[in-house]
Amino acid sequence: MKRTKLNKNSKRPIAKLKKEADRRFSIFIRKRGGGICFTCGLRREWKLLQCGHFVSRSHSITRYDEINCQSQCFACNVWKRGNIAEFAVRLDEKYGEGTAKSLVLKSRQTHQFTEKELEEIINKYKLN
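To start, this report covers the structure provided alongside it. (Residues numbered from 1 in each chain as written. Predicted model: local features only at pLDDT ≥ 70, side-chain atom pairs only at ≥ 80, totals over all residues. Heavy atoms only, no water.)

### Quick word on the pattern of salt bridges
Here comes step 1: Overall, the coordinates contain seven salt bridges when judged by the stated rule.
Here comes step 2: Taking the shortest distance from any N to any O, the salt bridge between Asp 22 and Arg 57 comes out at 3.1 Å. With Asp 22 in helix α1 (residues 14-32) and Arg 57 in the loop between β1 (50-53) and α2 (60-63), this residue pair connects regions lying 35 residues apart in the sequence.
Here comes step 3: The buried category is assigned to Asp 22, whose relative accessible area is 15%. (Salt bridge = Lys/Arg side-chain N within 4 Å of Asp/Glu carboxyl O. Helix = DSSP H or I, 4+ residues; strand = E, 2+ residues; numbered from the N terminus. Buried < 20%, exposed > 50% of the residue type's maximum accessible area, 1.4 Å probe, protein only.)

### Quick notes on the nonpolar core
Here comes step 1: Among the nonpolar cores identified, the biggest contains 12 residues, and these are Leu 17, Ala 21, Phe 25, Ile 29, Cys 51, Tyr 64, Cys 69, Phe 113, Leu 118, Ile 121, Ile 122 and Tyr 125.
Here comes step 2: Once you skip the residues sitting within four places of it in the chain, Phe 113 turns out to touch Ile 14, Lys 18, Ser 60, Arg 63, Tyr 64, Leu 118 and Ile 121.
Here comes step 3: One finds Phe 38, Val 55, Ala 100 and Leu 103 within the second-largest nonpolar core, a separate group that totals eight residues. (Core = buried A, V, L, I, M, F, W, Y, C linked by side-chain atoms within 4.5 Å. Contact = heavy atoms within 4.5 Å.)

### Details of unusual backbone geometry
Here comes step 1: Even without being a glycine, Arg 81 presents a positive backbone phi close to 50°.
Here comes step 2: Here Arg 81 lies in the loop between α3 (74-79) and α4 (84-95).
Here comes step 3: With relative accessibility at 73%, the residue Arg 81 sits in the exposed group.
Here comes step 4: Phi angles above zero are rare outside glycine, and Asn 83 is one such case at about 50°.
Here comes step 5: Structurally, the position occupied by Asn 83 is in the loop between α3 and α4.

### Digging into a nonpolar patch on the surface
Here comes step 1: Side chains of Phe 74, Val 78 and Trp 79 sit close together on the surface and give an oily, nonpolar patch of about 350 Å² of accessible area.
Here comes step 2: Along the polypeptide, Val 78 turns up in helix α3. (Patch = residues over 30% accessible without salt bridge, like charges linked within 9 Å, V, L, I, M, F, W, Y side chains within 5 Å. Areas by Shrake-Rupley, 256 points an atom, 1.4 Å probe, with all protein chains shown as cover.)

### Concerning the environment of Cys 37
Here comes step 1: With respect to the helices, strands and loops of the structure, Cys 37 is situated in the loop between α1 and β1.
Here comes step 2: For Cys 37, a relative accessible area of 1% gives the class buried.
Here comes step 3: The sequence separation of Cys 37 and Gln 72 amounts to 35 residues, and the corresponding C-alpha distance is 4.3 Å.
Here comes step 4: Once residues lying within four places of it in the same chain are set aside, the contact partners of Cys 37 are Leu 42, Leu 49, Ser 71, Gln 72, Cys 73 and Cys 76.

### Let's talk about the environment of Gln 109
Here comes step 1: Tracing the backbone through its elements, the reader meets Gln 109 in the loop between α5 (99-106) and α6 (115-124).
Here comes step 2: For the pair Gln 109 and Ile 61, spaced 48 residues apart in the sequence, the C-alpha separation amounts to 6.7 Å.

### Remarks on the packing of α1 against α6
Here comes step 1: One can describe the packing of α1 onto α6 by two numbers: an axis separation of 9 Å at closest approach and a directional angle of 25°. Accordingly, the angle class assigned to the pair α1 and α6 is roughly parallel. The two elements α1 and α6 cross, and the hand of that crossing is left-handed. Every residue of α6 that contacts α1 at Ile 14, Leu 17, Lys 18, Glu 20, Ala 21 and Arg 24 is listed here: Glu 115, Leu 118, Glu 119, Ile 121 and Ile 122.
Here comes step 2: Class assignment of the residues belonging to the contact of α1 with α6 gives a composition of six nonpolar, no polar and five charged. (Axes fitted to C-alpha atoms, helices over the stretch in contact; angles between N-to-C directions. Parallel < 35°, antiparallel > 145°, perpendicular 65-115°, else oblique. Left-handed = near helix turned anticlockwise from the far one by under 90°. Nonpolar A, V, L, I, M, F, W, Y, C, P; charged D, E, K, R; others polar.)

### Some details on the packing of aromatic side chains
Here comes step 1: Counting across every chain of the model gives eight aromatic pairs.
Here comes step 2: Aromatic side chains Tyr 64 and Phe 113 sit 5.4 Å apart centroid to centroid with 65° between the ring planes, which places their arrangement in the edge-to-face category. You can see Tyr 64 sitting in the loop between α2 and β2 (69-72) and its partner Phe 113 sitting in the loop between α5 and α6, a full 49 residues away along the chain.
Here comes step 3: The exposure class assigned to Tyr 64 is buried, which follows from its relative accessible area of 10%. (Phe/Tyr/Trp six-rings, centres within 6.5 Å; stacked < 30°, edge-to-face > 60°.)

See below:
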């Protein structure tokens, strides 16, 4: 089977678009967090934090949800697997009672991103 190269004007595959959208969205979330881990309060330079998801990013519908995603330190996001109990408490404190529950309910919906949607996300979170 012969492989074809994409030229500059070709549409990019969904996987590449998603990777770029993830990168730009992550930078936005980490900068927005002001260098503070949402779940434990640890202060670090934004580059040393991670984009933590309350509901796993495997659920497309909440993958780029600005409420679902917050800056987290490595310990909370990886070692504590998101520190979900504390994440839920903090979400409800910051955005109102029931926020965590509504994100869980929202995550039960299925969604498959189109190229256009991913390009819109990439443009929305353009790097400064």
